[in-house]
Amino acid sequence: MHYRNYYLRMNNRKLDRRDLNTMKTFTLKEVSKKINVKPATLRKWEEELKEILEIPRTKQGARIYSQVELDLLLEIKQMYENKQTTTMILQSFQTKEEP
């Protein structure tokens, strides 16, 4: 299951086409400031956690983040702050995705 579907299911939300068109988006720099993590760290997380963290990009290749990705990044940040390893984080999300 894709992380976005998992997040929406866990928060009892359904996403439809209108949501995608009206959803507020953020740049890498904005997300970095909002969650107090360096842009390089966000890029590293994207690479290390590619199984759960798939950041959409514009036609020009710039990353675009919605509130869904922002909330997921905050959760990942908390897990790292709690001294969880990348492997532990991946396993945690895989466990959450199981029915």
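Residues numbered from 1 in each chain as written. Predicted model: local features only at pLDDT ≥ 70, side-chain atom pairs only at ≥ 80, totals over all residues. Heavy atoms only, no water.

As a further point, take the overall build of the chain. Helices and strands together make up the secondary structure of the chain, namely six helices and zero strands. If you list the helices and strands of the chain from N to C, you get α-α-α-α-α-α. A burial count over the chain gives 34% of its 99 residues as buried. The long-range fraction of contacts in the chain, counting pairs at least 24 apart against all pairs at least 6 apart in sequence, stands at 57%. (Helix = DSSP H or I, 4+ residues; strand = E, 2+ residues; numbered from the N terminus. Buried < 20%, exposed > 50% of the residue type's maximum accessible area, 1.4 Å probe, protein only. Contact = heavy atoms within 4.5 Å.)

For the structure on display, the rule yields five salt bridges. One salt bridge connects K44 with E48, and the closest N-O pair in it is separated by 3.8 Å. Highlighted residues: K44 and E48, both in helix α4 (residues 39-48), separated by four residues, approximately one helical turn. For E48, a relative accessible area of 30% gives the class partly exposed. (Salt bridge = Lys/Arg side-chain N within 4 Å of Asp/Glu carboxyl O.)

Moving on, we get to unusual backbone geometry. Even without a glycine there, the phi angle at N36 is positive, about 60°. Tracing the backbone shows N36 in the loop between α3 (28-35) and α4. Look at N36 and you get exposed, because its relative accessible area is 65%. Of note in the backbone geometry, K83 takes a positive phi value of approximately 65° without being a glycine. Accessibility expressed as a relative area gives 71% for K83, which makes it exposed.

Within the secondary structure, K77 sits in helix α5 (residues 67-81). With near-sequence residues (within four places) excluded, K77 lies in contact with I35, N36, V37 and W45.

Glancing now at α5. One turn of the α-helix equals 3.6 residues, which is why residues spaced by three or four share an orientation. Taking 1.5 Å of rise per residue, 15 residues should cover 21 Å, and α5 covers 21 Å from first to last C-alpha, within 8% of that figure. At the C-terminal side of α5, K83 shows a positive phi close to 65°. (Expected span 1.5 Å × (residues − 1).)

Another aspect to go through is the environment of V37. Following the sequence through the fold, V37 ends up in the loop between α3 and α4. Considering only alpha carbons, one finds V37 and L73, 36 residues apart in sequence, at a separation of 9.7 Å. Leaving out residues up to four positions away in the same chain, V37 has contacts with S32, L42, W45 and K77.

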